[in-house]
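Chain residues, written in single-letter form:
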Amino acid sequence: MKKYDYLVVGAGLYGSVFAREATNKGKKVLVIDKRPNIAGNVYTEKIEGIHVHKYGAHIFHTNDKKVWNYVNQFIEFNRFTNSPVANYKGELYSMPFNMYTFNKMWGVVTPEEAAAKIEEQKKEITGEPQNLEEQAISLVGRDIYEKLVKGYTEKQWGRDCKELPAFIIKRLPVRLTFDNNYFNALFQGIPIGGYTKLVANMLDGIEVRVNTDYLENKEAFDEMAEKVVYTGAIDAYFDYQLGNLEYRSVRFENELLDQPNFQGNAAVNYTDRETPWTRIIEHKWFEFGKDDEGKDIPKTMISKEYSSEWKPGDEPYYPVNDEKNGSLYAKYKELADQEDNVIFGGRLGEYKYYDMDQVIASALNMCEKELSR
């Protein structure tokens, strides 16, 4: 008899959902994580009354009522709506592209004028778009592409837009309304008290060990449980035997400022190529500038985000889902399918650019399959 039914590797959203559901079904579960804290990339740390999103901005949004009801069992969400601002060399534009954007860009006032301007500029792309640049121009025209898409995208991916595949931006939201709600999702918000509290509530009563690296002691851990739920990088699990999958990583420069307001918005994207960071996050505005007691916070914390190519030792953030990596992942997936007692899940385990609600939905689907036996 093994000591645990499931060993869950990774205390992020996927691992925490699986651990909760398995425990509710009477299974004995151990959760381990190599980081010194739970919550994976959604980890929030409290500094000067501000819940700081340690690994970048996380704004929960979903149209999936089942997922929304699920997370609301564990914590209450506020009514934060993501309305980012784009800064192009000091010119400020509303995101996503809407009538405010078009008015600032061209001086147009009516939806009809805006649509005509976009149509006129789209004409330069005649055939099927061959790369991201052509795809973007065919959707929004040259002006918006040059000011609001090109520089930001090249910083994010570390590649020229002409070298990036068209499918990365199959669609760019174009709204002929005055609507700044970026996600347009039925349900959105931020957990009141931070994401770490959400995950802590999910893991309540479950054995968790942090600062514990599964891959360093794999055989011993495998002996402890009937099955392993692995949410780390799939290529790392197989010791990179077929080669490295590519990821993008993000580096943050955090500054605590002795002032109440730095930029007046949670997220400002810097869309010119010359500014080295992609965006600045001002964390207090995710919770309307208030602390847990509802008082105004006198200081502010900002994070500048720099996108970079991942290398071993860095934190992998999102997979580079192009054809080359897709075919390498397919080979790793074949190896994974041969592992009878291991479930691979989450953004790194499935090598998918998941949003948070998709991670939770994927975990719940796996729970239904796995725990209903």
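Notes on the structure in this doc start here. (Residues numbered from 1 in each chain as written. Predicted model: local features only at pLDDT ≥ 70, side-chain atom pairs only at ≥ 80, totals over all residues. Heavy atoms only, no water.)

## A word on the sheet that holds strand β11 (residues 247-257)
Which entries qualify depends on this criterion: Should DSSP find at least two bridges between two strands, the strands are taken to pair. Numbering goes from the N terminus for both helices and strands, where a helix is a DSSP run of H or I of at least four residues and a strand is a run of E of at least two.
Here we have seven strands laid out as an open sheet, ordered β7-β6-β12-β13-β14-β11-β15, and mixed in their pairing. Of all strands in the sheet, those with a lone pairing partner are β7 (91-94) and β15 (318-319), marking the two edges. Relative to strand β13 (residues 279-282), strand β12 (residues 267-270) is paired through three bridges, and the arrangement is antiparallel. Within the sheet, the bridge partner assigned to Ala267 lies in β13 and is Ile281.

## Focus: the packing of helix α4 (residues 111-122) against helix α5 (residues 132-140)
Operational definition: Fitting a line to C-alpha atoms yields each axis, with helices limited to the stretch in contact; the angle taken between N-to-C directions then spans 0 to 180 degrees. Throughout, a residue-residue contact means that at least one pair of heavy atoms, one from each residue, lies within 4.5 Å.
Packing of α4 against α5 brings their axes to within 7 Å, and their N-to-C directions diverge by 145°. For the pair α4 and α5, contact is made by Ile118, Gln121 and Lys122 and by Ile137, Ser138, Leu139 and Val140, respectively.

## So, the packing of aromatic side chains
Quick note on the threshold: Stacked, edge-to-face and tilted labels apply to pairs of Phe, Tyr and Trp rings (six-membered ring for Trp) whose centres lie within 6.5 Å, assigned for plane angles under 30 degrees, over 60, and everything in between, in that order. Note on criteria: charge over ring means Lys NZ or Arg CZ within 6 Å of the ring centre, with the direction from the centre no more than 35 degrees off the ring normal.
For the coordinates displayed, the defined rule picks out 27 aromatic pairs. An aromatic cluster is built from Tyr214, Phe221, Tyr230, Tyr237, Phe238, Tyr332 and Phe344, whose rings are joined through pairwise contacts. Note that Arg35 overlies the ring of Tyr55, its terminal NZ or CZ placed 4.0 Å from the centroid.

## Section: the sheet that holds strand β9 (residues 207-209)
Pairing is parallel in the open sheet, where five strands are placed in the order β9-β2-β1-β10-β16. The open sheet terminates on both sides in strands that have one partner only, identified here as β9 and β16 (342-344). Mean inter-strand twist for the sheet, computed between neighbouring axes without regard to direction, equals 20°. Two strands pair when backbone bridges link them, and strand β10 (residues 225-230) and β16 are joined in this way by three bridges, in the parallel orientation. Within β16, the position partnered with Tyr230 by the bridge is Phe344. Contacts between helix α1 (residues 13-24) and the sheet are confined to β1 (4-9), β2 (29-32), β10 and β16, with β1 contributing the most and set at about 165° to the helix.

## Side note on helix α3 (residues 99-106)
For the record, the criterion: Only protein chains enter the accessibility calculation, which uses a 1.4 Å probe; a residue is then buried when its area is under 20% of its type maximum, exposed when over 50%, and partly exposed in between. The directions considered for the arc are those from the helix axis to the C-beta atoms. Side-chain atoms alone can form a polar contact between residues adjacent in sequence; in general such a contact is a pair of N or O atoms within 3.5 Å, and within protein one must be able to donate a hydrogen while the other accepts it.
Taken together, the buried positions of α3 are occupied by Met99, Thr101, Phe102, Met105 and Trp106. Looking down the long axis of α3, one finds its buried residues gathered within 155° of arc, a one-sided arrangement. Taken together, the buried residues of α3 touch β7, α4 and α6 (142-157). Sitting at the head of α3, Asn98 places a side-chain oxygen 2.7 Å from the backbone nitrogen of Tyr100. One or two steps after α3, the chain reaches Gly107, where phi turns positive at roughly 80°.

## Some thoughts on the pattern of salt bridges
A side chain with one charge may pair with a side chain of the opposite charge, provided their charged atoms come close. As a reminder of what qualifies: Whenever Lys or Arg places a side-chain nitrogen within 4 Å of a carboxyl oxygen from Asp or Glu, that contact is recorded as a salt bridge.
What the rule picks out here adds up to 27 salt bridges. Salt-bridge contacts for Glu45 lead to Lys54; the nearest nitrogen and oxygen are separated by 3.6 Å. The exposure class of Glu45 is partly exposed, given its relative accessible area of 27%. Where Lys218 meets Asp222, a salt bridge forms, and the shortest distance between an N and an O atom there is 3.2 Å. You can see Lys218 and its partner Asp222 sitting in helix α8 (residues 218-224), four residues apart, about one turn around the helix.

## Side note on α1
Formally: To estimate the expected span of a helix, subtract one from its residue number and multiply by 1.5 Å.
The first and last C-alpha atoms of α1 sit 16 Å apart over 12 residues, in line with the 16 Å expected at 1.5 Å per residue. Counting buried positions over the 12 residues of α1 gives 10, a clear majority of the element. Burial in α1 covers these residues: Leu13, Tyr14, Gly15, Ser16, Val17, Phe18, Ala19, Arg20, Glu21 and Ala22. Once α1 ends, the next one or two residues include Gly26, with phi positive near 85°.

## Quick look at the pairing of strand β3 (residues 44-47)
One face of the sheet, then the other: side chains in a regular strand alternate in exactly this way. Where β3 meets strand β4 (residues 50-53), four bridges bridge the pair, whose relative direction is antiparallel. Paired with Thr44 across the two strands is His53, which belongs to β4. Remark: two residues form the turn of the hairpin made by β3 and β4, two consecutive strands paired antiparallel; Glu48 in that turn has positive phi of roughly 55°.

## What about the layout of surface pockets?
Formally: Whether a set of points on the 1 Å grid over the protein atoms alone is a cavity depends on a 1.4 Å probe fitting there but being unable to get out, while an open set qualifies as a pocket with protein on both sides within 12 Å along at least five of seven lines; lining residues are those with an atom within 4 Å of a point. Grid points are joined across faces, edges and corners, and a volume is the space filled by probe spheres set on the points. Gly falls in the polar group here, along with every residue not listed as nonpolar (Ala, Val, Leu, Ile, Met, Phe, Trp, Tyr, Cys, Pro) or charged (Asp, Glu, Lys, Arg).
In this structure, the second largest pocket spans a volume of roughly 380 Å³. Around the second largest pocket, the lining comprises 21 residues; the ones closest to its centre are Lys333, Asp337, Ile343, Phe344 and Met366. When residues of the lining of the second largest pocket are traced back to their parent elements, those giving at least two are α10 (323-337), β16 and α12 (356-371). Here the element with the most residues in the lining of the second largest pocket is α12; it accounts for five residues. The residue makeup of the lining of the second largest pocket, split by class, is eight nonpolar, three polar and 10 charged.

## Concerning the packing of α1 against helix α7 (residues 195-202)
Here is the rule we go by: Oblique is the label for every angle not falling under 35 degrees (roughly parallel), over 145 degrees (roughly antiparallel), or within 65 to 115 degrees (roughly perpendicular).
Closest axis-to-axis distance for the α1/α7 pair is 9 Å, and the angle between their directions is 30°. As the angle between them shows, α1 and α7 are arranged roughly parallel. The residues of α7 that touch α1, namely those facing Leu13, Ser16, Val17 and Arg20, are Leu198, Val199, Asn201 and Met202. Here the residues of the contact of α1 with α7 sort into five nonpolar, two polar and one charged.

## Details of empty space enclosed by the protein
Enumeration over the complete set of coordinates arrives at one cavity of 30 Å³ or more. Roughly 40 Å³ of volume is contained in the largest cavity. Gly49, Ile50, His51, His283, Lys284, Glu287, Lys290 and Ile297 are the residues that line the largest cavity. By residue class, the composition of the lining of the largest cavity is two nonpolar, three polar and three charged.

Keep in mind these numbers describe shape, not what the thing actually does.
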